[in-house]
Amino acid sequence: MFHNAHSPKPLPVIIVGSGLAGLSAAYTALHSGTSPVYILERAVKPGGNSFKASSGINGAPTPFQHAASGDGAFYDDTIRSAGRRLAGGPSSEARAQRERLIRVLTERSTRAIDFLTGLGVDLSVVTQLGGHSNARTHRGAGKTPPGVAIVSALLEKCKAEGGERFKLVTGCEVRKLLTSGEKENEGVAGVEYQTEGGEVETLKGPVVFATGGFAGDTHGLLARYRPDLSGLPSTNEPRPGCHDVLTAVGARLVDMESVQIHPTGFVDPQNPGARLKFLAAEMLRGEGGILLYKGKRFVNELETRERVSEAIMGLPEAEREGELRQWDVQLLLDPGAAKAAEGHVSFYVWKGLLKRVKVKDLDETTRQTLKDYAEAVSGKEGKVDGKGRRAFGHWSLGVEGWDDEAGVCVGRITPIVHFTMGGVVINEHAQVLSSDLGQDQRPIPGLWAAGEVTGGIHGDNRLGGSSLLECVVFGRISGEQAAADAARGGAA
Ligand SMILES: Cc1cc2nc3c(=O)[nH]c(=O)nc-3n(C[C@H](O)[C@H](O)[C@H](O)COP(=O)(O)OP(=O)(O)OC[C@H]3O[C@@H](n4cnc5c(N)ncnc54)[C@H](O)[C@@H]3O)c2cc1C
């Protein structure tokens, strides 16, 4: 259908995957050159896991960060969060390469937010998520979750502004990269894909790989790299990862064992044994939510995801529900936190994942915990939180006097497989490398990657809000580069 060998037309830019990384690349490629831009998408509907994103996208500094003028700590927070992968890396060159990627991510975050708001996306509400030393995760003020808002806006703009040059082909799986020569590293010249009807087709042009992570590939890549995680539920759509397509042309992988367990997936009381779970968005804790085990707090809820997950998994496991390993921890939002997160809360209540109850209906241990916590929040008489929490979001219960009639929201949560930090090695130009981190860089001509399919940016732990950001930052870089390559005639 798309054969263009011997055609006088300009080479197309080929983007594999229609999540936020793919759409950011497509939009930028459309505006960077005159080539047609194809998005090839395996699923029937576009958007990938990006569509599900619920807490927001990081940016610093931005006009919406009222309290944090000149927030320069984003880079440092990201370095700290990357943990041992960065600090104890095999060589100083490898560390320097990771630092360069983090520098690009954080320094381009202001532009990423400007880019999205310029498309009409509302990102005016800013929350502080776990592991961040400032509020810098942006979402809209209305009820539309950030993933839906951002993906829909970009898709609409690609269609409206790209016109005939923009082609979105769904139900089509890219299975192979075409190479331009016999030897490894000679360059990628296009893709081979299978259509919905089962036909095998080829398309030639520079390629941006934006196929997402493998947290939903329970029996494939996840089992290969982290067999110990079998039995945990996940937030990701069940789907195979396709990193092997990239390694087949010489791409290197990094950090594949670094898999993020998100501490809070909702256990649906109607279906506690379901493997695919709704995420209890991190902003619920950011806006003031707390975690309780048998009525007591056990962790600073704003620690990194890794630490909060470890704290939960250090508690006794609940009895097995089906084949799943789960825990029995309560998420509780007081009236202040629930109000600040109302858009999310009303949805979760409607889904039956959160329940509204009165304070007087809670058990005595929980009520005492809330009273003690309120004293720490108010800071009266120098009281501080014994778990080390310093930012309390919009918590208000008990701060100006106790109210037994106040309404709180409670739900059960458990840790879930959520995000894969590892992936293909790229450089600051989003070029896929056939060299390991820290070695002399060998970019594979004609091949770029962006989003969760890449590795090396987040190290051991991704900060909440930084995945949508990497999709926009590296998606835009790759789109621009691939458009320039298509204009030059590519490696085809
Ligand atoms: C429930 C949930 C909530 C989240 N909330 C946040 C948040 O608030 N903030 C944040 O920063 N991050 C969040 N994340 C993480 C973030 O959404 C993802 O990491 C990010 O969106 C990944 O984007 P992507 O474009 O790389 O991949 P995806 O959005 O997953 O898109 C990849 C696409 O590629 C397609 N594809 C795969 N293989 C092929 C193939 N061989 N051929 C053709 N197509 C293919 C897939 O079908 C998919 O549509 C959340 C994730 C989940 C699951």
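Our subject is the structure listed above.
This write-up is about the structure you can find in this document.

Rules and cut-offs
- Residues numbered from 1 in each chain as written.
- Predicted model: local features only at pLDDT ≥ 70, side-chain atom pairs only at ≥ 80, totals over all residues.
- Heavy atoms only, no water.
- Helix = DSSP H or I, 4+ residues; strand = E, 2+ residues; numbered from the N terminus.
- Contact = heavy atoms within 4.5 Å.
- Areas by Shrake-Rupley, 256 points an atom, 1.4 Å probe, with all protein chains shown as cover.
- Lys, Arg positive; Asp, Glu negative; His and termini not counted.
- Charge placed at Lys NZ, Arg CZ, Asp CG, Glu CD.
- Pairing = 2+ DSSP bridges.
- Axes fitted to C-alpha atoms, helices over the stretch in contact; angles between N-to-C directions.
- Phe/Tyr/Trp six-rings, centres within 6.5 Å; stacked < 30°, edge-to-face > 60°.
- Buried < 20%, exposed > 50% of the residue type's maximum accessible area, 1.4 Å probe, protein only.
- Lys NZ or Arg CZ within 6 Å of the ring centre and 35° of its normal.

1. Quick look at the overall build of the protein chain
No. 1: Within the protein chain, the regular secondary structure consists of 14 helices and 20 strands.
No. 2: For the protein chain, the spread of C-alpha atoms along the three principal axes comes to 75 × 45 × 45 Å.
No. 3: Considering only contacts in the protein chain between residues 6 or more positions apart, those separated by 24 or more positions represent 75%.
No. 4: About 19,700 Å² of surface is accessible on the protein chain, with carbon and sulfur atoms providing 49% of the total.
No. 5: On the protein chain, the mean spot of the 56 positive side-chain charges and the mean spot of the 59 negative ones are 1 Å from each other.

2. A word on the sheet that holds strand β7 (residues 173-179)
No. 1: What the 3 strands build is an open sheet, ordered β7-β8-β9; its pairing is antiparallel. Because the sheet does not close on itself, it has two edges, and the strands there are β7 and β9 (200-204). Pairwise comparison of adjacent strand axes, ignoring direction, gives a mean angle of 25 degrees for this sheet.
No. 2: Direction of pairing for β7 relative to strand β8 (residues 188-194): antiparallel, over a ladder of 6 bridges. Bridge pairing in β8 links L177 to V191.

3. Considering the sheet that holds strand β4 (residues 125-127)
No. 1: In space, the 3 strands of this open sheet follow the order β3-β5-β4, with antiparallel pairing throughout. Looking along the sheet, the strands with just one partner apiece sit at the ends: β3 (57-58) and β4.
No. 2: Strand direction decides the pairing type here: β3 and strand β5 (residues 137-139), joined by 2 bridges, are antiparallel. By the bridge assignment for β5, N58 is matched with T137.

4. Some points on the packing of aromatic side chains
No. 1: Under the criterion given, the structure shown has 8 aromatic pairs.
No. 2: Ring centres 5.7 Å apart and planes at 65 degrees place the aromatic pair F278 and F347 in the edge-to-face group. Here F278, found in the loop between β12 (259-266) and α9 (283-286), pairs with F347, found in helix α12 (residues 342-350); they are 69 residues apart in sequence, far enough to count as distant.
No. 3: Look at F278 and you get partly exposed, because its relative accessible area is 38%.
No. 4: Here a set of aromatic residues connected by ring pairs shows up, and it is made of F266, F278, F347, Y348 and W350.
No. 5: Lying across the ring of Y75, R103 places its NZ or CZ 3.8 Å from the centre.
No. 6: Positioned above the aromatic ring of F115, the side-chain terminus of R476 is 4.0 Å from the ring centre.

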